[in-house]
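Architecture at a glance
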There are 2 protein chains.
Amino acid sequence: MSDIDALLFANEAFYRAFADRDDEAMLDLWSKTSQISCIHPGWGPLLDRDEVMQSWLAIIRNPDSPKVRCHEPEVRLYGATATVLCFEEILGNFLIATNIFVREGRLWKMVHHQAGPTSMKPQIESERPPGLVN
Amino acid sequence: MSDIDALLFANEAFYRAFADRDDEAMLDLWSKTSQISCIHPGWGPLLDRDEVMQSWLAIIRNPDSPKVRCHEPEVRLYGATATVLCFEEILGNFLIATNIFVREGRLWKMVHHQAGPTSMKPQIESERPPGLVN
């Protein structure tokens, strides 16, 4: 698998864990050896591992949390670090995100996520139908 | 100079170029050898070098663009890549940003910037008075 494919896979695993409310998968996909951080839409920075993980567990364990889908992921590789920029679709609205991954052996693990509002939309007519994430 | 100090310096140089409307400095501080990208508040992703640079030149050459100040920069080092998370103060309001840098020789060059709204504020009472960026 190429680095680009592996990063698209890691990014998709993040949105799948989010959409499936899979707390084990969410815990597993973040790096456990590098520092992690997160900026949820409208929030301040979460700079501590426990804060980041607790925020995600609170979100995915909340039955009222809306579903999310990723559109138009764009990978940029910087050696053993990479970014995936993408749109996030939530209840028909769109956010835009920067996801950062680091290489750990054969895997890419998430170290940072920022999402915020955008007035742009992805070209979703060319995307897979909802529910098919594979 | 430590990596942390060098990254704080590179991050400050970005906000100084922005505040001083210094187009040469702004052009210089972005990497010319790595892919660059940018997500301005509310915008879609800019994924092309010319788009990114033209957006910044349009902003800093516009006399109506507001001044910006950086608060509470937080550096995270991932080998030859690093993030600096910080608040941005613009006309008394605050944004929150992810800035990504890559090491090029002895310098750290910017490869990505995302800024978006935040409901949080930095602890600015401990900051330097406005105008003193050095």
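It should be noted that the structure appears before, not after, this text.
Here's what I pulled together on the structure shown here. Throughout this description, residue numbers start from 1 for each chain and increase along the sequence as written. As a convention, the first chain written is A and the first ligand written is 1, with the rest following in written order. Restriction of local features to residues with pLDDT of at least 70 applies here, the model being predicted, together with a cutoff of 80 or more for giving and counting side-chain atom pairs; totals for whole chains, interfaces and linings are based on all residues. Excluding hydrogens and water, the side-chain figures rest on all heavy atoms present in the structure.

1. Considering the relation of the copies chain A and chain B
What counts is decided by this rule: Residues reaching a pLDDT of at least 70 in both copies supply the C-alpha atoms on which the copies are superposed by least squares.
Aligned on chain B, chain A shows an RMSD of 0.0 Å; the corresponding rotation is 180° and the shift along the axis is 0.0 Å. On this basis, the relationship between the two copies can be described by a two-fold rotation axis. When C-alpha distances to the rotation axis are compared across chain A, the minimum falls at Gly116(A), with a value of 2.7 Å.

2. Things to note about the pairing of strand β5 (residues 107-117) of chain B
Residue and element names in this part refer to chain B. Convention followed: For each residue, the accessible area found with a 1.4 Å probe, counting protein chains only, is set against the maximum for its type, and the residue is called buried under 20%, exposed over 50%, and partly exposed in between. Numbered from the N terminus, helices here are DSSP runs of H or I no shorter than four residues, and strands are runs of E no shorter than two. Two strands are said to pair when DSSP picks up at least two bridges between them.
Extensive coverage of β5 is indicated by the burial of nine of its 11 residues. Note that strand β1 (residues 37-39) and β5 share three bridges and pair parallel. Looking at β5, one finds that Ile39 is bridged to Gln114. Direction of pairing for strand β4 (residues 93-104) relative to β5: antiparallel, over a ladder of 10 bridges. Bridge pairing in β5 places Val102 opposite Lys109. The hairpin formed by β4 and β5 contains two residues between the paired strands, and Gly105 there has a positive phi angle of roughly 65°.

3. Observations regarding the pattern of salt bridges
Here is the rule: Only one rule defines a salt bridge in this text: a Lys or Arg side-chain nitrogen within 4 Å of an Asp or Glu carboxyl oxygen.
Within this structure, the stated rule accounts for 12 salt bridges over all chains. Here Lys32(B) and Asp28(B) are joined by a salt bridge, their closest N and O atoms 3.7 Å apart. Each of Asp28(A), Lys32(A) and Lys109(A) takes part in one network of salt bridges that share partners.

4. Some remarks on helix α3 (residues 49-60) of chain A
Residue and element names in this part refer to chain A. Worth spelling out the cut-off: The span expected for a helix works out to 1.5 Å for each residue beyond the first. The criterion used for residue contact is that any of the two residues' heavy atoms lie within 4.5 Å. For the purposes of these results, a polar contact is taken to be a pair of N or O atoms within 3.5 Å, where, inside protein, one atom must be able to donate a hydrogen and its partner to accept one; residues adjacent in sequence count only when each atom of the pair is a side-chain atom.
Over its 12 residues, α3 runs 17 Å from end to end, which matches the ideal 16 Å to within 8%, given 1.5 Å per residue. Those residues of α3 not exposed but buried are Val52, Met53, Ser55, Trp56, Leu57, Ile59 and Ile60. Looking at the buried positions of α3, the neighbouring elements they touch are α1 (3-20), α2 (23-29), β1 (37-39) and β5 (107-117). N-cap assignment for α3: the residue whose side-chain oxygen lies 3.0 Å from the backbone N of Asp50 is Asp48.

5. Digging into the interface of chain A and chain B
How big an interface is tends to be reported as the loss of accessible area on association of its parts. What counts is decided by this rule: Buried area: the accessible area, evaluated with a 1.4 Å probe, that two parts lose upon being put together, summed over both parts.
Taken together, the contact pairs 33 residues of chain A with 33 residues of chain B. Taking both partners together, chain A and chain B bury about 2500 Å²; carbon and sulfur atoms supply 59% of that area. Per-residue buried area on chain A facing chain B is highest for Arg76(A), Tyr78(A) and Gln114(A); these three make up 25% of the total on that side. At the boundary of chain A with chain B, the tally comes to zero salt bridges. Where chain A packs against chain B, one counts 16 residue pairs in polar contact (both at pLDDT 80 or more). Contributing elements (two or more residues each) for the side of chain A that touches chain B: β1, β2 (69-78), β3 (81-90), β4 (93-104) and β5 of chain A.

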